[in-house]
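Examining the three-dimensional arrangement
Spelled out, the chains give:
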Amino acid sequence: MRIFRTRRAFGAVALALAGALTLSACGGGSDAGQELSDEAVTLRFTWWGSDARHQRTQQVIELFQKEHPNITVKGEFKDWNGYWESLATTVAANDAPDIIQMDELYLASYAERGALLDLGTATKHLTTGDFDKEALATGQVDGKQYGLPVGLSAYAMVVNTDLLAQYKVTPPDDNSWNWADLKSIGEQISKASGGKVTGVQAFGFDAGSLNIWARQNGASLYDSKGDVAIPPAVLASFWSYLLDLTKSGAAPEASVTIERASASLDQSGTATNASAFGTWWNTQLTSLAAASGSKLQLLKMPGEATAGSPGSYYKPSMFWSVSSRSKHPAEAALFVDFLANNDAAAKVMLTDRGVPANTKIRATITPQLEETDKAAVAYLDALKVGPAPRVTPNGASSVETILKRHTEDVLFGRATPDQAAAAFIKELQAEIDGA
């Protein structure tokens, strides 16, 4: 199952993207061209990922080509670090691949500059009837479907039930618990362990936790126009809570929290059995369980029961997008349809790109999954989610870098929550305005 990355170094990529797309701005996305060709067609398909993903994807390409012998799909794959510079360069040169594996952070940047096809114009060869409407909404920009979500995840609290049993702490009822409950139970664990284990691994370094907090408080990080919309008081309360966790001993001291936030998954408080509770995406459960060797369980986020509307939402692992300049948009849409809806393709890819967003496909592959992956699927299926957050605006791809810096300032006492809130909003809006 794919592990979601914490994005920390997008500055250079964002600059390359902005420059490239300025050069390539075009009026794409009009008519997909509905007719398939009887002649030989070659499609280029680009993605990032590991060697295992490359192998699985190549198997899927071969399955597709057997069904459509006149269509050749050429794969162009790279690792994450080099992917975005390469894509920006090819788009700027009007030489973009036909099918693009797209990330949420950059979807709006490419879509708003006309580089992507509106998939709503390709419905003759691409169907989305087995996708939840809130899942589809994650790939929409200004009401148009520029990305089809491949996999989905949702934010969760991961609890180490072995640690709770060891320190004789009763597990919380995640149908009713709130943020005060998390702090209280965290303090109990820290005290019972004599400081050997902290109750909570502090968060505040990814957009997931911030989005949940904002949404539970009736707010959102961005408005429909793409401007920063979170009220300063809501943002300040987020950091005040994290500061309270640290001061009470429920969470580690600031230096430990910051060190873990910058480390890999297997060095986290959850993976090393150093913290009983931690915020993660549900799809990370398998890797966390393997690293920790403990029994881990997914819980709904605190505060969901009392929030006016669900804070939880679907996060796409990635999208399938089609270039607006593709010479073969009908064939490109047909290939995306195969990737998204074909049972044989799904049984090859399984959860390599996340829990499938297609609900029918999700049910098809579930019997083949490991128990922890099945738990991740069950969590997603049972979760009540609200409307999808606004897609990350053009210019805001560095949001997690900015968030991390201000969280550090608060935890180290270099800024108050109110000061950090004002500075964060000003800085992020400046990035958006300057894009």
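Scroll up to find the structure this text is about.
What counts, and at which threshold
- Residues numbered from 1 in each chain as written.
- Predicted model: local features only at pLDDT ≥ 70, side-chain atom pairs only at ≥ 80, totals over all residues.
- Heavy atoms only, no water.
- Core = buried A, V, L, I, M, F, W, Y, C linked by side-chain atoms within 4.5 Å.
- Buried < 20%, exposed > 50% of the residue type's maximum accessible area, 1.4 Å probe, protein only.
- Helix = DSSP H or I, 4+ residues; strand = E, 2+ residues; numbered from the N terminus.
- Contact = heavy atoms within 4.5 Å.
- Arc of directions from axis to C-beta.
- Salt bridge = Lys/Arg side-chain N within 4 Å of Asp/Glu carboxyl O.
- Phe/Tyr/Trp six-rings, centres within 6.5 Å; stacked < 30°, edge-to-face > 60°.
- Lys NZ or Arg CZ within 6 Å of the ring centre and 35° of its normal.
- Pairing = 2+ DSSP bridges.

1. A closer look at the nonpolar core
In this structure, Phe45, Trp84, Met102, Tyr110 and Phe335 are the most contacted members of the largest nonpolar core, which totals 78 residues. With eight residues, helix α12 (residues 329–341) is the single largest residue contributor to this core. Residues in contact with phenylalanine 335, not counting those within four places in the same chain, are Leu43, Phe45, Ile61, Phe64, Val73 and Ile99. Within the second largest apolar cluster, 58 residues are counted, among which are Leu164, Phe203, Ala236 and Ala421.

2. Considering helix α10 (residues 254–261)
Turning to α10, its buried residues are Ala254, Thr257, Ile258, Arg260 and Ala261. Looking straight down α10, one finds its buried side chains confined to an arc of 165°; they lie on one side. Buried positions along α10 lie against β8 (198–201), α9 (232–248), β9 (275–281) and α16 (399–411).

3. Quick look at the pattern of salt bridges
Counting across every chain of the model gives 12 salt bridges. In this structure, the salt-bridge partner of glutamate 76 is arginine 44, at a minimum N-O distance of 2.6 Å. Here glutamate 76 is found in strand β2 (residues 71–78), whereas its partner arginine 44 is found in strand β1 (residues 41–48), with 32 residues between them in sequence. Relative accessible area serves as the criterion here: at 23%, glutamate 76 is assigned to the partly exposed category. Two residues, lysine 300 and aspartate 174, come together in a salt bridge whose shortest N-O distance is 3.8 Å. Taken together, the positions of lysine 300 in the loop between β10 (296–299) and β11 (315–322) and aspartate 174 in the loop between α6 (161–166) and α7 (179–192) put the pair 126 residues apart, joining distant regions of the chain. Assessed through its relative accessible area of 17%, aspartate 174 is described here as buried.

4. What to know about the packing of aromatic side chains
Enumeration according to the criterion identifies 23 aromatic pairs in this entry. Ring geometry for tryptophan 84 and tyrosine 106: centres 4.5 Å apart, planes at 45°, overall tilted. In this pair, tryptophan 84 is assigned in helix α3 (residues 80–92) and tyrosine 106 in helix α4 (residues 104–111), connecting sequence segments 22 residues apart. In terms of burial, tryptophan 84 and tyrosine 106 fall into one category: buried. Plain terms: the ring middles of tryptophan 179 and phenylalanine 203 are 5.9 Å apart, the flat faces sit at 45° to each other, and that makes the pair tilted. Highlighted residues: tryptophan 179 in helix α7 and phenylalanine 203 in the loop between β8 and α8 (207–216), separated in sequence by 24 residues. Site record: aromatic cluster; members linked through ring pairs are Phe45, Trp47, Phe64, Phe77, Trp320, Phe335 and Phe338. The lysine or arginine in question, lysine 315, covers the ring of tryptophan 281, its NZ or CZ lying 5.5 Å from the ring centre.

5. With respect to unusual backbone geometry
In this structure, aspartate 142 takes a positive phi of about 55° despite not being glycine. Note that aspartate 142 resides in the loop between β4 (140–141) and β5 (144–145). Of note in the backbone geometry, asparagine 273 takes a positive phi value of approximately 60° without being a glycine. Tracing the sequence through the fold places asparagine 273 in the loop between α10 and β9.

6. Structural notes on the side chain of threonine 46
By the secondary structure assignment, threonine 46 is in strand β1. Beyond its immediate stretch of four places on either side in the chain, threonine 46 contacts Glu76, Tyr83, Pro97, Ile99, Ile100 and Gln101.

7. A closer look at the sheet that holds β2
With respect to topology, six strands assemble into an open sheet ordered β2-β1-β3-β11-β6-β12, the strand pairing being mixed. Each edge of the open sheet carries a strand with a single partner, namely β2 and β12 (355–356). When strand β6 (residues 148–153) meets β11, the two strands line up antiparallel, connected through five bridges. Note that in β11 the partner of glycine 151 across the bridge is methionine 318.

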